[in-house]
Amino acid sequence: VQLQASGGGLVQSGGSLRLSCSVSGRTITNYAMGWFRQPPGKEREFVAAISRRSGLTDYADSLQGRFTISRDNAKNTVYLQMNSLKPEDTAVYYCALPRLTTVTISRRIDAYDYWGQGTQVTVSS
């Protein structure tokens, strides 16, 4: 199973980016998916998660409605739309996939077994 995150880059404060996470080696239809991030010098933290059929989504409280997670099961891809970006959003962003279909939606890092390589997002002030 491989996860390939893309779409990161350098953006000014207030700008937008859309991250993509393409999964190969497993059909994601029956699996929840998550996005996490690791700011410089800090631990990895939860950003957003989505249930198998997009019926449920969950976001870190600090995001205040600026980010949207979505998925296209036909493309085996999960997205993270990030709007009104702030310098504090600067981090490496990771997508994640659990090994078990019983994980419905989770903020826990240890609920996920497969991780992408990360994509750097840098927001300048």
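To be clear, the structure that these remarks concern was listed above.
Here the structure is a predicted model, which is why all the values come from computation and not from measurement.

**Describing the sheet that holds strand β1 (residues 2–6)**
Here is step 1 of the chain: With antiparallel pairing, the four strands of this open sheet are ordered in space as β1-β3-β8-β7. Both outer strands of the open sheet, β1 and β7 (67–72), are each paired with one neighbouring strand and no more. Strand-to-strand, the axes of this sheet are offset by a mean angle of 15°, without reference to chain direction.
Here is step 2 of the chain: For β7 and strand β8 (residues 77–82), the ladder comprises six bridges, and the chain directions are antiparallel. Among the inter-strand pairings, Thr-68 is bridged to a residue of β8, identified as Gln-81.

**Notes on the environment of Phe-36**
Here is step 1 of the chain: The residue Phe-36 is located in strand β4 (residues 33–38) in this model.
Here is step 2 of the chain: In this structure Phe-36 comes out as buried when scored by relative accessible area, which is 0%.
Here is step 3 of the chain: Distance in space between the C-alpha atoms of Phe-36 and Ala-48 is 6.9 Å, their sequence separation being 12 residues.

**Examining the pattern of salt bridges**
Here is step 1 of the chain: Enumeration over the complete set of coordinates arrives at six salt bridges.
Here is step 2 of the chain: One salt bridge connects Arg-37 with Glu-45, and the closest N-O pair in it is separated by 2.7 Å.
Here is step 3 of the chain: Residue Arg-37 is classed as buried on the basis of its relative accessible area, which comes to 6%.
Here is step 4 of the chain: Measuring nitrogen to oxygen at the nearest pair gives 2.9 Å for the salt bridge that ties Asp-89 to Arg-37. Taken together, the residues Asp-89 in the loop between β8 and β9 (91–97) and Arg-37 in strand β4 connect sequence positions 52 residues apart. There is no split in this pair, since Asp-89 and Arg-37 are both buried.
Here is step 5 of the chain: Beyond isolated ion pairs, a larger network of salt bridges with shared partners links Arg-37, Glu-45, Arg-66 and Asp-89.

**Quick notes on the environment of Ile-109**
Here is step 1 of the chain: Locating Ile-109 in the fold gives a position in the loop between β9 and β10 (114–115).
Here is step 2 of the chain: The spatial distance from the C-alpha of Ile-109 to the C-alpha of Cys-21 is 17 Å, given a sequence separation of 88 residues.
Here is step 3 of the chain: The residues touching Ile-109, leaving out its near neighbours within four places in the chain, are Phe-36, Arg-44 and Trp-115.

**Here we look at the pairing of β9**
Here is step 1 of the chain: The buried fraction of β9 amounts to six of the seven residues, a majority that puts the element mostly inside the structure.
Here is step 2 of the chain: Relative to β9, β4 runs antiparallel, the two being bridged by five bridges. From the neighbouring strand, Arg-37 faces β9, where its bridge partner is Tyr-93.
Here is step 3 of the chain: With three bridges connecting them, β9 and strand β11 (residues 119–124) associate as antiparallel partners. From the neighbouring strand, Tyr-93 faces β11, where its bridge partner is Thr-119.
Here is step 4 of the chain: Sheet analysis places β9 next to β10, joined by two bridges and oriented antiparallel. Pairing of Ala-96 across the sheet is with Trp-115, part of β10.

**Some words on the side chain of Asn-76**
Here is step 1 of the chain: As for its position among the elements, Asn-76 is in the loop between β7 and β8.
Here is step 2 of the chain: Since its relative accessible area comes to 14%, Asn-76 is described here as buried.
Here is step 3 of the chain: Within the structure, the side chain of Asn-76 is placed 2.9 Å from the backbone oxygen of Val-23, a separation counted as a polar contact.
Here is step 4 of the chain: Polar side-chain contacts of Asn-76 include one of 2.7 Å to the backbone oxygen of Arg-26.

Calculation notes
Residues numbered from 1 in each chain as written. Predicted model: local features only at pLDDT ≥ 70, side-chain atom pairs only at ≥ 80, totals over all residues. Heavy atoms only, no water. Pairing = 2+ DSSP bridges. Helix = DSSP H or I, 4+ residues; strand = E, 2+ residues; numbered from the N terminus. Axes fitted to C-alpha atoms, helices over the stretch in contact; angles between N-to-C directions. Buried < 20%, exposed > 50% of the residue type's maximum accessible area, 1.4 Å probe, protein only. Salt bridge = Lys/Arg side-chain N within 4 Å of Asp/Glu carboxyl O. Contact = heavy atoms within 4.5 Å. Polar contact = N/O pair within 3.5 Å; in protein donor to acceptor, adjacent residues only side chain to side chain.

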